[in-house]
Every structure is written in structure tokens, then in C-alpha cells.
Amino acid sequence: PCGLLCLSQVEVVCGKMAAKIHLNRQMFTGTLPSPFIEHAGGKLKVRLFLFPSGVHGLEMTNTLGSLTILPFQGQQIWDATMHGRRLTMKSMFDMPQPVELSKQWSYIDSYGAFFVHCGITAIGCPGEKDTHPVHGDLPNAPYQYAYVSVGKDNRGDYIEVGGTYTHTIAFTQCYRAEPTVRLYANEATFPISMTVTNKFHNSMDLMYMAHTNFQPIVGSTLAYTHADAKPDDVEISASVNGLVPPSQEYLALLEKLKKTPSRHKNLDEELVNLLNPEVLVYMNKYDSDENGYAYTIQQLPNDQGCNFVKHKPEQLPLVTRWMVKDGSQAALGLALPGTAGPSGKMSEREKGNVRTLAAGAECKFEVEVGAFDAVQCKEIVEKIAKITPQ
């Protein structure tokens, strides 16, 4: 890989079998060119391009599918396809759009990504007394630095995309956000991380959510390492964004789910067609395995495999499930692990969910998301049943 670009663009870490390629905006063109990088005998490839909207795009491919990353706009995973099927939610946007970051609701001006980093001093929908943007500064943050690295670790050959966003307001705050997503040659799940460093001389508020958006496929079922048999195992909530007025049928559905929360894990046609406005499920007691991981899957009908989220409750203890379907959008936030819920900063502060990060301190959050085939799905279903018998 070291011979792909000039040495000024490539940082070689010889002892670690890795090379890092620094990206700049001039490398991106208006169409998908020949692979910018090939690794592992062509099993892993990277292409750089510009969307017609002007947003910079980066496509990562392996033997099982592809990811489309926005390296300079939030480092979002805009789209994901694995095992021959698109994983990403349905939205009104066929491509990402540039956004006006000064708008509090700019989040919905480019809406529909597969994965979004939310935070870092606030998350969720702002309440009446909140001044923060929807889901904070990170979703569409203008990254000052982005890179691609190639290498090999104990899981095999990989390509990684990462970057740095430094958020500075004089006399107020300064933090550095450094996300990564790593795609392996022969795997359809991919680790994602976010490292935050407080560069200010005082402590800062800390809130984070890993927001993955699948589709609410009719006939699918959910399984997870969390109890749901009793009403107090989970909390069912109506929409917190106030964008769509509820119908009587929707309100009746909420009451049914509150009495029998396990009903929501069977995504039959009746349930899916009533997910307008959104339905939220708060799950804050996840069980984990011996390595500290909790698991959530959406098992698809007809042996199509399953969608997958893995997280560490020690890092991200409060999980939100988000479900919505109308004539234009269809999304299943299968498991959105976070440090807080989505009700806005003031509300979450009253619940004790706003953390503090000391001056100079660093904090890392990790998840893994993606898809499994039918054989792997059966294995993870059995694993979930052992960790949390229902």
C-alpha cells in the first residue's frame, strides 16, 4: 500500500503492518474513479468522489458489501450494504446535503444516514429551555482532518477511516473528537469508535449516542440481552420531536406496548404501520457477556440473516430503540447506546445523565454494527438466549 501515493501523503507504520493516507478535499472528483486504494489482494478497496450536492464521499468495499462515508461531514456512514441487501433506513434524501450549522434543526436538512455520531456536549431533541442543536454538534461536524489507513490485526486485513474535529469556542470550550470505522476483508460487521479529549482548561459536559438506522422490515423479530417481560423492564415513550401529531390509533398502540412491552419486538404489519409518529423504547438494564459486550439483533424473515449491534454497557449504559414509518421515512434505531436519552440536555441533566469530562481527560466509546448471514444469525440468537433467558 505504501507505493499508492507520494510519501508526503502516506504515513507508514512499518512495525504495525499499517499505512495511513492523509486525505484532502482536492483528491475528490465528481464521479467514482478507479480504486484510490486496494488492499489484501483487492479484497478491500477505497474510492473517493463528490456527490452532486458537493458533499465529499468515500466508498469502502470488501468481499461482502460496501460502506459510504462522509469524511468531512460528521464522518457519518451515509449508506451501508452487506450480504446483497441495503441496511440503511429509508428517507427523503437520495444523497447527503450541505447543512447550515447555525440552525438548531439543521440535522433534518440532510437526513437518512446509516450511522451518526451524536454529542458531544448535548444529544437529543432540544426542549423549550435548550439551545443546543438536534443531537449536538457532531452529526454534521466539519472535520478539519480525515485519513484512510490500511493494515492487519488479529481479525485480519482491514481498511480504516478516521479523522479529527476540533470544536473551539473562545473562553468556553475546546474538545477534540476522533472517530474511526474499520472494515475487514471478509466480515459484514464493523467496529466504530469515538474518542473525545477535553482540550479546555476546565471540565466539560459529556453526552454521546451511537445512532444506527436500519429498516423496520415487516416479519422481522428483535432479540437482545435485556429483559422485557414486565412493564418495568423497559419504558415506552411517545415521540419527543413534536413534528407529527399523534392519531388515536397511535395512542392506543402506546398503551398496549406499555402493558406488554415485549410486543414491540415482533415487527408484524399491524405494528409497523402504526409507527407514525416515532415510538421510543428505553432499555437501561442490558446484560453483558464475560467480555463486557451486550447484543441486539433484528432477525429477518425467510432466513435472510440478521442486523446486529454490539456495545459495552459499561461505556454506554442507556439504550434507546427508535422506530418510525410513514410514507417517506422508515427507520429502526435497533439499539442506540448512549450516555443519556434523547429528550434534550436540560431534561437529561435533571435525570442525572450529563457526565463531566475533566480538563485534559480522554474518553472512548465503542460499538460494532452490521449484518450476519443465516448461519451466523442462528449462533448469535443462541448466545443472546444464554446471556438473557426470556
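In what follows, the structure referred to is the one given above.
Residues numbered from 1 in each chain as written. Predicted model: local features only at pLDDT ≥ 70, side-chain atom pairs only at ≥ 80, totals over all residues. Heavy atoms only, no water.

A. Focus on the overall build of the protein chain. Within the protein chain, the regular secondary structure consists of 4 helices and 24 strands. Since a compact globule built from 390 residues should have a radius of gyration of about 21 Å, the 20 Å found for the protein chain is in line with a globular shape. Its C-alpha atoms put the protein chain at 65 × 55 × 45 Å along the principal axes. With 390 residues in all, the protein chain has 55% of them scored as buried. Across the protein chain, the mean location of the 35 positive side-chain charges is 2 Å away from that of the 40 negative side-chain charges. (Helix = DSSP H or I, 4+ residues; strand = E, 2+ residues; numbered from the N terminus. Rg over C-alpha atoms; globule rule 2.2 N^0.38 Å. Buried < 20%, exposed > 50% of the residue type's maximum accessible area, 1.4 Å probe, protein only. Lys, Arg positive; Asp, Glu negative; His and termini not counted. Charge placed at Lys NZ, Arg CZ, Asp CG, Glu CD.)

B. View of the side chain of Thr 296. Along the chain, the position of Thr 296 falls in strand β19 (residues 294–299). Side-chain polar atoms of Thr 296 contact the side chain of Tyr 286, separated by 2.7 Å. Discounting residues that sit within four places of it in the chain, Thr 296 has contacts with Ala 223, Tyr 224, Tyr 286, Asn 307, Phe 308, Val 309, Arg 321, Leu 334 and Ala 335. (Polar contact = N/O pair within 3.5 Å; in protein donor to acceptor, adjacent residues only side chain to side chain. Contact = heavy atoms within 4.5 Å.)

C. Broad picture of the pairing of strand β14 (residues 204–212). Extensive coverage of β14 is indicated by the burial of 8 of its 9 residues. Where strand β9 (residues 115–120) meets β14, 6 bridges bridge the pair, whose relative direction is antiparallel. Residue pairing for β14: Phe 115 is matched across the bridge by Thr 212. Here 3 bridges tie β14 to strand β23 (residues 355–357), and the two strands are oriented antiparallel to one another. (Pairing = 2+ DSSP bridges.)

D. Structural detail: helix α1 (residues 248–259). Relative to the 16 Å expected for 12 residues at 1.5 Å per residue, α1 spans 17 Å between its end C-alpha atoms, a close match to the ideal helical length. The complete set of buried residues in α1 reads Tyr 250, Leu 253, Leu 254 and Leu 257. Across the axial projection of α1, the buried residues extend over an arc of 100 degrees, all falling on one side. Residues of α1 that are exposed and point over 90 degrees away from its buried face: Gln 248, Lys 256 and Lys 259. (Expected span 1.5 Å × (residues − 1). Arc of directions from axis to C-beta.)

E. Quick look at the packing of aromatic side chains. The full count for this structure, using the stated rule, is 12 aromatic pairs. Aromatic rings pair up to connect Phe 114, Phe 190 and Phe 214 into one cluster. Sitting above the plane of the Phe 72 ring, Arg 25 keeps its charged end 4.0 Å from the centroid. (Phe/Tyr/Trp six-rings, centres within 6.5 Å; stacked < 30°, edge-to-face > 60°. Lys NZ or Arg CZ within 6 Å of the ring centre and 35° of its normal.)

F. Representation of the pairing of strand β15 (residues 220–224) in the model. In β15, alternate side chains face the same way, and those of Ser 220, Leu 222 and Tyr 224 are buried while those of Thr 221 and Ala 223 on the opposite face are not. Bridge count for β15 against strand β17 (residues 266–267) is 2 bridges, and the pairing is antiparallel. The partner of Ser 220 across the bridge, within β17, is Leu 267.

G. Quick look at the nonpolar core. Counting residues in hydrophobic clusters, the biggest one holds 76 residues, and the most contacted among them are Leu 23, Leu 67 and Phe 190. Ranked by the residues each element gives to this core, the list is headed by strand β24 (residues 362–372), at 5 residues. In terms of nonpolar packing, the next biggest core, distinct from the first, is built from 24 residues, Phe 51, Cys 118, Met 207 and Val 354 among them. (Core = buried A, V, L, I, M, F, W, Y, C linked by side-chain atoms within 4.5 Å.)

H. The environment of Arg 176, seen in detail. If you trace the backbone, Arg 176 turns up in strand β12 (residues 173–184). Taking relative accessible area as the criterion, Arg 176 reaches 23% and is therefore assigned partly exposed. Along the primary structure Arg 176 and Ile 120 are separated by 56 residues, whereas in three dimensions their C-alpha atoms are 9.8 Å apart. Filtering out sequence-adjacent residues up to four positions away, Arg 176 remains in contact with Thr 164, Tyr 165, Thr 166, Thr 195, Val 196, Thr 197 and Lys 199. A polar side-chain atom of Arg 176 sits 3.4 Å from a polar atom in the side chain of Glu 178.

I. The arrangement of helix α4 (residues 374–387) in detail. The first and last C-alpha atoms of α4 sit 20 Å apart over 14 residues, in line with the 20 Å expected at 1.5 Å per residue. Within the sequence span of α4, burial applies to Cys 377, Ile 380 and Ile 384. Axial view of α4: buried residues confined to an arc of 70 degrees, hence all on one face. Exposed positions of α4 whose direction lies more than 90 degrees from the buried face are Val 375, Lys 378 and Lys 386. Close packing links the buried residues of α4 with β15, β19, β20 (306–311) and β24. With a side-chain oxygen lying 3.2 Å from the backbone nitrogen of Val 375, the N-terminal cap of α4 falls on Asp 373.

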